[in-house]
Number of protein chains: 2
Amino acid sequence: MKIDPSNPADLSAQIAGAIRDAIISGGLIVDERLPSEAELAEQFDVSRPTVREALKRLAAQSLIRTQRGATGGAFVNRLSFEAAQPQQITTSTLLLSMNAVSFETACEARYALERACAPLSAARRTPDHLATMRAEIHRQSQPGLTDEAFCASDVAFHRALVDGAGNPVLSYQLAGAVEAMQPLMNMITFTARDRARIIALHTDIADAVEAGDGPTTLSALTALETETQDLAHSVFAARAARS
Amino acid sequence: MKIDPSNPADLSAQIAGAIRDAIISGGLIVDERLPSEAELAEQFDVSRPTVREALKRLAAQSLIRTQRGATGGAFVNRLSFEAAQPQQITTSTLLLSMNAVSFETACEARYALERACAPLSAARRTPDHLATMRAEIHRQSQPGLTDEAFCASDVAFHRALVDGAGNPVLSYQLAGAVEAMQPLMNMITFTARDRARIIALHTDIADAVEAGDGPTTLSALTALETETQDLAHSVFAARAARS
DNA sequence: CGGGTTCTAATTGTCTGGCATTTGAATCGC
DNA sequence: GCGATTCAAATGCCAGACAATTAGAACCCG
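Here the structure is a predicted model, which means the values were calculated and not measured.

Engineer: An account of the overall build of chain A is needed here, citing residue identities and associated values.
Structural biologist: When its secondary structure is counted, chain A shows eleven helices and two strands. Reading chain A from its N end, one meets helices and strands in the order α-α-α-β-β-α-α-α-α-α-α-α-α. Relative to its length of 243 residues, chain A is extended, with a C-alpha radius of gyration of 23 Å against a globular reference of 18 Å. Across its three principal directions, the C-alpha atoms of chain A cover 65 × 50 × 30 Å. Every one of the 243 residues in chain A was classed for burial, and the buried ones make up 53%. Nonlocal contacts in chain A, meaning residues at least 24 apart in sequence, comprise 71% of its contacts between residues at least 6 apart. In the form shown here, chain A has an accessible surface area of approximately 10,800 Å², with 54% of it arising from carbon and sulfur atoms. The averaged location of the 29 negative side-chain charges in chain A is 4 Å from the averaged location of its 22 positive side-chain charges.

Engineer: Any chance you could break down the relation of the copies chain B and chain A for me, citing the residues and the numbers?
Structural biologist: Superposition of chain B onto chain A requires a rotation of 180° combined with a translation of 0.1 Å along the rotation axis, giving an RMSD of 0.1 Å. The superposition of one copy onto the other is thereby described by a two-fold rotation axis. Most of the interface of chain B is mirrored in chain A: 100% of its interface residues are interface residues there too.

Engineer: Go over the domain arrangement of chain A with me, naming the residues and quoting the values.
Structural biologist: Under the domain assignment, chain A is made up of domain 1 (11–76) and domain 2 (81–242). Summarising the inter-unit geometry, the C-alpha centres of domain 1 of chain A and domain 2 of chain A are found 39 Å apart.

Engineer: I'd like a description of the protein's contact with DNA strand D, backed by residues and values.
Structural biologist: Surrounding DNA strand D, one finds 22 residues, the nearest of these being Arg48 and Arg52 of chain A together with Leu11, Thr50 and Ala70 of chain B. Taking all atoms of DNA strand D within 4 Å of the protein, the share assigned to sugar and phosphate is 72%. Note that a phosphate oxygen of DNA strand D is positioned 3.4 Å from one of the side-chain N or O atoms of Asp10 of chain B. Contact distances for DNA strand D include 2.8 Å between a phosphate oxygen and a backbone N or O atom of Leu11 of chain B. Sorting the residues of the surface near DNA strand D by element identifies helix H3 (48–60) and strand S1 (64–67) of chain A together with helix H3 (48–60) of chain B as the ones contributing at least two each. Per-element tally for the surface near DNA strand D: the top contributor is H3 of chain A, with three residues.

The rules behind these values
- Residues numbered from 1 in each chain as written.
- Chains lettered and ligands numbered in written order.
- Predicted model: local features only at pLDDT ≥ 70, side-chain atom pairs only at ≥ 80, totals over all residues.
- Heavy atoms only, no water.
- Helix = DSSP H or I, 4+ residues; strand = E, 2+ residues; numbered from the N terminus.
- Rg over C-alpha atoms; globule rule 2.2 N^0.38 Å.
- Buried < 20%, exposed > 50% of the residue type's maximum accessible area, 1.4 Å probe, protein only.
- Contact = heavy atoms within 4.5 Å.
- Areas by Shrake-Rupley, 256 points an atom, 1.4 Å probe, with all protein chains shown as cover.
- Lys, Arg positive; Asp, Glu negative; His and termini not counted.
- Charge placed at Lys NZ, Arg CZ, Asp CG, Glu CD.
- Least-squares fit on C-alpha atoms with pLDDT ≥ 70 in both.
- Domains from an automatic or database assignment.
- Near = heavy atom within 4 Å.
- Polar contact = N/O pair within 3.5 Å; in protein donor to acceptor, adjacent residues only side chain to side chain.

See the structure below:
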């Protein structure tokens, strides 16, 4: 692991990159302890604060964790799906909000990905997943629910559907796509009739999943996408006309 | 933006979190300049190195960029899909390598997601995407290609397919799933006959995409998944028997 | 008056040295 | 032997300073 002092890039970035490469390539294995900050400083011929900045960069990506005390130090983290999801969600949310992605594009992506999970979920979902879906449908039908709460329940419903596929890779990827849509969905006001339609389609999906019927799940999801797109279209059109 | 000195968490982590929240909530907008390190140190009542550690954490997530000089400082980054992809790929790769995800699970997720893009790609791909796919097929048929190069070309082919959908959200999400599979694919040795089968299926996919035929693209993709799974199964079985 | 040059101030990047805090382990007393 | 104490190692944090970079202001000269 070497760095180039004449490189215009920050030393801390170079050091972080070197350590990251070592982790990715397998040179450093999970739970292995890195040299102490003082030792790293000597190895790379930089000061301790510079090493610390590099370690903070890695900590921000959950690649390492630090522990104080006698046997403390920096340790290579086992990157778990649970730990990676919040980061994934944050990044996805910011990507949508900062890049003027249209509702249409985001919605299309989300439903396309969900349809990828639907047949698997219909085949493998546990009773738990199904119970979560039913519970969220019930919550959505409560009167007096705010639009935000309705959207949050919608997200929970769809995440249960995705998790039902029993594939952690899919759950991880979809978490970003599904959660990132929430701020966009929150821009929509749902009338009672809109909610009733959505709840009916959710029920169709839950029924199809319960029956293990992949194709019906797919068509219900597609109907829900159409419904959502139409709803968003009319809401945005009305808003544009009013202003 | 406030921090709690008695909080057991690192001050730099708290500060980074406070600034991150400000960015997510819209309190700080794209390209806005943050206060200088000295000013932030005063605001949060910490030292400059601590502020710097916080800023490095944010820089590691591409949330800010820094610039030296008179009008320099830290600026809120516009998180672009291009900038986010390498991070997404790194994380996905580590998730697979560190969590003993089976080839089967990863492969299933990848092809499920790809199938989500396939109909869209068949409908919208530009001549560029098609040309890339054909070029990669051609490369794959070159004799003397190493297994690594073959896999890399395979990834490029599939990324072109995904990008053909013309949906940046999908491309972003899929980049992680497709690229992360490469290390797993590299564990497989491809015989000439294996390659010929894969190339034939790639050609089927390219033909279907060129014809704008979504269903055929789907079935070709499914055939490719089956082929890949069978291949991996036999390779791993042979390896297990030998040892 | 215009254009190029120099100067200056602001800001980040880095270093030195130090102290505080935490925490496991060794040591000592019983 | 066992518990309490001490110790040492490591991270967390701070103060101050200097170097490097950069944009703009001031200045000089034709």
